[in-house]
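Here are the chains, one letter per residue:
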Amino acid sequence: MLPEKSKRKRVYQYLLNRMQEDGCIHFALIDPEKTDPDTAAKISKIAEEEGTAAIMLGGSLGVAEEQLDKTIQAIKKNGVKLPIILFPGNINGISRYADAIWFLSVLNSTSIYHIIGAQVQGAVIVKRYGIEPLSLAYLILGTGGAAGYVSYSRPIPFEHPEIATAYALAAEYLGFEFVYLEGGSGGKPVPENVILLVKKTVEIPVIVGGGIRTRELAKRAARAGADAIVTGTVLEKEKDPRDVIIEIIEGIREGVQERARPST
Ligand code: 1GP
């Protein structure tokens, strides 16, 4: 019997619909190692109210399943209806309470473990917990940040958009549903020309993250064609998360509008 695709693909369909409607969507990334469950619940509620499309949960180091469980339970208890998508750094990044998981492969890692090893271990758990897998080609660019370091990656230089594009195209041909251009958390954002070339070449949705911390940077990534923008670090700062999210989402909307305008 063929799998019941519609059931397995609930979050997938939701994300695609929102990307189509809005042109570019926002994901709020929360690292449970850096943010306690109550704060995560508060940020998630604000994000939902201000138009964020989903909550991503994960981090490169020190995330334990128990922490994820508590964080997701707190977010759900706070009445947040947005999908909660795990963003695992390793197989300890899986919680039974999540709605979906970025089932990711670090395609430019030099370690087989990060390309297919952890996934083999994790698949069985994802199946057992009934979490929706969203297949994702995770590409590390620029300095790579902590994610690049812990995944033994060979980051793609920003100066070589054609290499990032070739990886993204290979990802599409291998059947990945999404591609993620990661500039490294807290680092320099992926340049517009890289996003532009990847978008021009591939048909799968392009997610961009790493170093996006202002309205202007969100606008640039959206204008270049990102289908989704991830912000993490900026939500951990002293600033009011509501102000931060409003700014980022306004930047995204402006970027989408500018994209639609014919160039003069
Ligand atoms: C990291 O791309 C994400 O994996 C988000 O990066 O923390 O810089 O927002 P920031």
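Residues numbered from 1 in each chain as written. Predicted model: local features only at pLDDT ≥ 70, side-chain atom pairs only at ≥ 80, totals over all residues. Heavy atoms only, no water.

Novice: Whenever I open this one, the packing of aromatic side chains confuses me. Can you help?
Specialist: Centre distance and the angle of the planes are the two values used to describe a pair of aromatic rings. A complete count under the given rule lists six aromatic pairs for this structure. Between Tyr12 and Phe178, the aromatic rings sit 5.7 Å apart at their centres with planes inclined by 80°, giving edge-to-face as the arrangement. Of the two residues, Tyr12 sits in helix α2 (residues 10-22) while Phe178 sits in strand β6 (residues 178-182), which places them 166 residues apart along the sequence. Judged by its relative accessible area of 18%, Tyr12 falls in the buried class. Three or more aromatic residues link up through ring pairs in this structure, and these residues are Tyr12, Phe27, Trp102 and Phe178. One residue, Lys9, lies across the ring of Tyr12, its end atom 5.1 Å from the ring centre. (Phe/Tyr/Trp six-rings, centres within 6.5 Å; stacked < 30°, edge-to-face > 60°. Helix = DSSP H or I, 4+ residues; strand = E, 2+ residues; numbered from the N terminus. Buried < 20%, exposed > 50% of the residue type's maximum accessible area, 1.4 Å probe, protein only. Lys NZ or Arg CZ within 6 Å of the ring centre and 35° of its normal.)

Novice: So what exactly am I meant to see when it comes to unusual backbone geometry here?
Specialist: As a rule of thumb, non-glycine residues mostly have phi less than zero, and peptide bonds are mostly trans rather than cis. Residue Tyr152 is not a glycine yet carries a positive backbone phi of 50°. Along the chain, Tyr152 turns up in the loop between α6 (145-150) and α7 (161-173).

Novice: What's the story with the sheet that holds strand β8 (residues 228-231) in this structure? I'm lost.
Specialist: Through backbone hydrogen bonds, the strands of a sheet pair up, either in parallel or in antiparallel fashion. Spatially, β1-β2-β3-β4-β5-β6-β7-β8 is the arrangement adopted by the eight strands of the closed barrel, whose pairing is parallel. Neighbour-to-neighbour, the strand axes of this sheet turn through a mean angle of 30°, independent of strand direction. Taken together, the four bridges between β6 and strand β7 (residues 206-209) define a ladder with parallel strand orientation. Along β7, the bridge assignment pairs Val179 with Val206. (Pairing = 2+ DSSP bridges. Axes fitted to C-alpha atoms, helices over the stretch in contact; angles between N-to-C directions.)

Novice: Honestly, the side chain of Ser109 in this entry has me stumped. Any pointers?
Specialist: With respect to the helices and strands, Ser109 occurs in the loop between β4 (100-106) and α5 (112-129). Judged by relative accessible area, Ser109 falls into the buried class, the value being 8%. Here the side chain of Ser109 touches Ser151 through a polar contact of 2.6 Å, landing on its backbone oxygen. Once residues lying within four places of it in the same chain are set aside, the contact partners of Ser109 are His114, Ile115, Ser151, Tyr152 and Ser153. (Polar contact = N/O pair within 3.5 Å; in protein donor to acceptor, adjacent residues only side chain to side chain. Contact = heavy atoms within 4.5 Å.)

Novice: Hey, could you run me through the pattern of salt bridges in this one?
Specialist: Pairing between side chains of opposite charge can happen when the charged atoms of each approach one another. Counting across every chain of the model gives 16 salt bridges. The closest approach of N and O atoms between Lys34 and Asp31, which form a salt bridge, is 3.8 Å. On the accessibility criterion, Asp31 (8% relative accessible area) is buried. We note a salt bridge from Arg215 to Glu250, for which the minimum N-O separation is 2.7 Å. Taken together, the positions of Arg215 in helix α9 (residues 215-223) and Glu250 in helix α10 (residues 241-260) put the pair 35 residues apart, joining distant regions of the chain. (Salt bridge = Lys/Arg side-chain N within 4 Å of Asp/Glu carboxyl O.)

Novice: Where do I start with helix α3 (residues 37-50) in this structure?
Specialist: An α-helical turn contains 3.6 residues, so any two residues separated by three or four positions project in the same direction. For α3, built from 14 residues, the straight-helix expectation of 20 Å at 1.5 Å per residue is met to within 8% by its first-to-last C-alpha distance of 20 Å. Three or more residues of α3 are buried, namely Ala40, Ala41, Ile43, Ser44, Ile46 and Ala47. On its buried side, α3 packs onto β1 (25-30), β2 (54-57), α4 (65-77) and α10. For α3, the capping residue at the N-terminal end is Asp36, with a side-chain oxygen 3.1 Å from the backbone nitrogen of Asp38. (Expected span 1.5 Å × (residues − 1).)

Novice: Got a minute to help me understand the site of the ligand in this structure?
Specialist: As a matter of local geometry, the ligand sits amid 13 residues, with Glu182, Ser185, Gly186, Gly211 and Thr233 nearest to it. A distance of 2.5 Å is found between an oxygen atom of the ligand and a side-chain nitrogen or oxygen belonging to Glu182. In this structure, Gly211 approaches the ligand through a main-chain N or O atom, which is 2.7 Å from an oxygen atom. Compared with its free state, where it exposes 310 Å², the ligand has 95% of that area covered by protein. Tallied by class, residues from the shell around the ligand come to four nonpolar, eight polar and one charged. (Near = heavy atom within 4 Å. Areas by Shrake-Rupley, 256 points an atom, 1.4 Å probe, with all protein chains shown as cover. Nonpolar A, V, L, I, M, F, W, Y, C, P; charged D, E, K, R; others polar.)

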